[in-house]
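Residue-level listing of the chains:
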Amino acid sequence: MKRNFIYVGNAASNDISVFLLSEDSHAELVQTLPFAGITAVGNATPIAVSPDQKFLYVGIRAAPFKVLAFEIDPATGHLLQIGRAALADSMAYLSTDRSGRFLFSASYGGNVISVNSIDDNGVAEDPVQVIETGLNAHAILPSPDNRFVFASNLGSDQVLVFRFNENTGVISDGDPQRIAFEAKSGPRHFVFSPDGQFTFAITEYSAEVIAFAYDAAGGSWKKLDAAGILPADFDGVSASADIHITPDSRFIYASERMSSTLKLLHFDAASGKLQTRESIVTEKQPRGFTIDPTGRFLLAVGELSHRMTIYSISSATGALQAVASYPTGRQPNWVEVIGFE
């Protein structure tokens, strides 16, 4: 029987909530795991999962900055802490390369990205490379083929392009070195389409989702379309946050914190066009959300509601229907779902 487990990072309570997700989209809390030895409170708890789904990594954003490594029990979903290492700064985002041998991180306040190696036991080691970036590095991801690494710079309105040596873990300047965004747009998070042909970025300040064609040979992005995500009646300063795409590449969702909404967009791969659909009110200040591996459910957490809502996704339209809401730890801001056979 397939088991799906939900992992919620809670910044203010310094712990992870682990839920078992049932086939009917309800959840059961199976573990609340405090971060051993961590007493200072950071403002977020970024999470990364290894490609083989055996290990989970959590960034500690209060000094001294650490990454905690956990082994995942596929039968119960429980986490066991197996190690810790230094991070170069307070990291807003973590990811691994496609082999699971290296950990990438990006620092918003420190304007740097960093590479930590990961040993054969799944434990992250201390940083081996730290690179200065433009203002406010926010997200960092490898390309689908592991040949490039991309890092958004929210304050410099760009995504930096790096070549990646998957044997040594060394990253170096790409060609082009950057993908430029409109001034004061603030590119924050981005995702690749499951087929690797497109990238989609969310801008924090201009509150848009932007679609790009991705050139795997050279690592370049070509802008195709952009669409706003704010509700029609919104009157304020936007703080757009997270973006995810369904496994079939048809539906894109984006979160906006000030209106506490999720926006649905349709993407047409043939034309490269985005079409905006409905906005729905969700948990208060939805900094993070995710889509389960089947594309049937969306899970959103609220930093200020201290709860998680599970939505079913219509396979025909992408519309969201709230199924259930659950308390989490304090200030949840990151959520991942892992499926095991």
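Above this note sits the structure.
Position numbers for residues count from 1 along each chain, tracking the sequence in the order it is written. Reporting in this predicted model follows two pLDDT cut-offs: at least 70 for local features of residues, and 80 or more for side-chain atom pairs to be given and counted; totals over whole chains, interfaces and linings ignore these cut-offs and use all residues. Water and hydrogen atoms were dropped before computing side-chain values, which therefore reflect all heavy atoms in the structure.

**Q** Break down the overall build of the chain for me, citing the residues and quoting the values.
**A** Secondary structure assignment for the chain yields 0 helices and 28 strands. What you see for the chain is a C-alpha radius of gyration of 18 Å, in line with the 20 Å of a compact globule of 341 residues. Each principal axis of the C-alpha atoms in the chain carries an extent, and together these give about 45 × 45 × 40 Å. Residue contacts are defined here by distance: any two heavy atoms, one from each residue, within 4.5 Å place the two residues in contact. Restricting the contact set of the chain to residue pairs at least 6 apart, pairs at least 24 apart contribute 48%. Counting from the N terminus, the helices are DSSP H or I runs at least four residues long and the strands are E runs at least two residues long. We compute the radius of gyration over the C-alpha atoms and compare it with the globule rule, which gives 2.2 Å times the number of residues raised to the power 0.38.

**Q** How would you summarise the sheet that holds strand S13 (residues 148-153) if you had to cite specific residues and measurements?
**A** Pairing between the strands of a sheet comes from backbone hydrogen bonds, and it takes one of two forms, parallel or antiparallel. Reading across from one edge, S12-S13-S14-S15 is the order of the 4 strands in this open sheet, with antiparallel pairing throughout. For this open sheet the edge positions go to strand S12 (137-142) and strand S15 (171-180), each flanked by a neighbour on one side alone. Strand-to-strand twist in this sheet, taken as the mean axis angle between neighbours without regard to direction, amounts to 20 degrees. At least two bridges found by DSSP between two strands is the condition for calling them paired. Both S13 and strand S14 (residues 158-164) contribute to a ladder of 6 bridges, which runs antiparallel. By the bridge assignment, Ser152 is partnered in S14 with Val159. Under this scheme, a helix contributes an axis fitted over its contacting stretch, all axes are lines through C-alpha atoms, and angles between N-to-C directions fall in the 0 to 180 degree range.

**Q** Give me the nonpolar core: which residues, what numbers.
**A** Core analysis: the biggest nonpolar cluster contains 49 residues, and Tyr7, Leu56, Leu79, Ile113, Phe150 and Trp221 have the highest contact counts within it. In contact with Tyr7, other than residues within four places in its own chain, are Ile16, Ser17, Val18, Ile47, Leu56, Ile72, Gly77, Leu79, Trp334, Val335, Glu336 and Ile338. In terms of nonpolar packing, the next biggest core, distinct from the first, is built from 16 residues, Ala211, Ile245, Leu265 and Leu274 among them. Throughout, nonpolar core names a set of buried Ala, Val, Leu, Ile, Met, Phe, Trp, Tyr and Cys residues whose side chains join them through atoms within 4.5 Å. Burial status follows relative accessibility: with a 1.4 Å probe on protein chains alone, a residue under 20% of its type maximum counts as buried, one over 50% as exposed, and anything between as partly exposed.

**Q** How would you explain the environment of Asp292 if you had to name every residue and give the values?
**A** For Asp292, the location among the structural elements is in the loop between strand S24 (288-291) and strand S25 (297-302). For Asp292, a relative accessible area of 2% puts it in the buried group. With 105 residues separating them in the primary sequence, Asp292 and Pro187 have C-alpha atoms 24 Å apart. Excluding its chain neighbours within four sequence positions, the residues that come into contact with Asp292 are Pro247, Phe297, Leu299 and Val337.

**Q** Quick one: what's the story with the packing of aromatic side chains, residue by residue and with numbers?
**A** Pairing of aromatic rings covers Phe, Tyr and Trp, the last through its six-membered ring, and needs centres within 6.5 Å; plane angles under 30 degrees mean stacked, over 60 mean edge-to-face, and all others mean tilted. For the coordinates displayed, the defined rule picks out 17 aromatic pairs. A ring pair is formed by Phe19 and Tyr326, whose centres lie 6.1 Å apart and whose planes are at 50 degrees; its orientation type is tilted. With Phe19 in strand S2 (residues 15-21) and Tyr326 in strand S27 (residues 320-327), the pair connects residues that are 307 residues apart, well separated along the chain. No difference in accessibility class separates Phe19 from Tyr326, as the two residues are buried. Consider the rings of Phe198 and Phe200, whose centres lie 6.4 Å apart with planes at 35 degrees: the pair is tilted.

**Q** So what's going on with the sheet that holds strand S18 (residues 208-215)? Which residues, and what values?
**A** Here we have 4 strands laid out as an open sheet, ordered S16-S17-S18-S19, and antiparallel in their pairing. Looking at which strands have only one partner, the edges of the open sheet turn out to be strand S16 (187-192) and strand S19 (220-228). Averaged over all neighbouring strand pairs, the angle between strand axes comes to 25 degrees, with direction disregarded. Across 8 bridges, the pairing between S18 and S19 is antiparallel. Counterpart to Asp215 in the pairing with S19 is Ser220.

**Q** Would you mind going over the side chain of Asp225 in detail, with residue names and values included?
**A** Examined against the element boundaries, Asp225 turns out to sit in strand S19. Neither His nor the chain ends is counted toward charge; the positive residues are Lys and Arg and the negative residues Asp and Glu. For this analysis, a salt bridge means a side-chain nitrogen from Lys or Arg found within 4 Å of a carboxyl oxygen belonging to Asp or Glu. Although Asp225 lies buried, it forms no salt bridge, and the closest oppositely charged side chain, Lys273, sits 4.5 Å away as judged by the N-O distance. Two N or O atoms count as a polar contact when they lie within 3.5 Å, although within protein this holds only if one can serve as hydrogen donor and the other as acceptor, and sequence-adjacent residues are included solely when both atoms are side-chain atoms. A polar side-chain atom of Asp225 sits 2.8 Å from the main-chain amide nitrogen of Leu274. Ignoring sequence-local partners within four residues, the contact set of Asp225 consists of Val209, Ile210, Ala211, Gly272, Lys273 and Leu274.

**Q** So what's going on with the pattern of salt bridges? Which residues, and what values?
**A** All chains considered together, the criterion is met by 7 salt bridges. For the salt bridge of Asp248 with Arg250, the shortest nitrogen-to-oxygen distance reads 3.8 Å. A residue is classified by how much of its surface remains accessible, and Asp248, at 43% relative accessible area, is partly exposed. A salt bridge links Arg287 to Glu303; the shortest N-O distance between them is 3.1 Å. Of this pair, Arg287 sits in the loop between strand S23 (273-281) and S24 while Glu303 sits in the loop between S25 and strand S26 (307-313), and the two are 16 residues apart along the sequence. With respect to burial, Arg287 and Glu303 carry one shared label: buried.

**Q** Explain unusual backbone geometry residue by residue, including any values.
**A** The step from Ala63 to Pro64 runs through a cis peptide bond, and the omega angle for that step is -5 degrees. Of note, Pro64 is situated in the loop between strand S5 (55-60) and strand S6 (66-72). Here the amide bond leading from Asp175 into Pro176 is cis, since omega sits at 15 degrees, within 30 degrees of zero. Along the chain, Pro176 turns up in strand S15. Its identity is not glycine, yet Gln53 carries a phi of approximately 65 degrees, on the positive side. With respect to the helices and strands, the residue Gln53 is situated in the loop between strand S4 (47-49) and S5. The exposure class assigned to Gln53 is partly exposed, which follows from its relative accessible area of 25%. For Gln331, which is not a glycine, the phi torsion comes out positive at approximately 60 degrees. Position of Gln331 among the secondary structure elements: in the loop between S27 and strand S28 (332-340).

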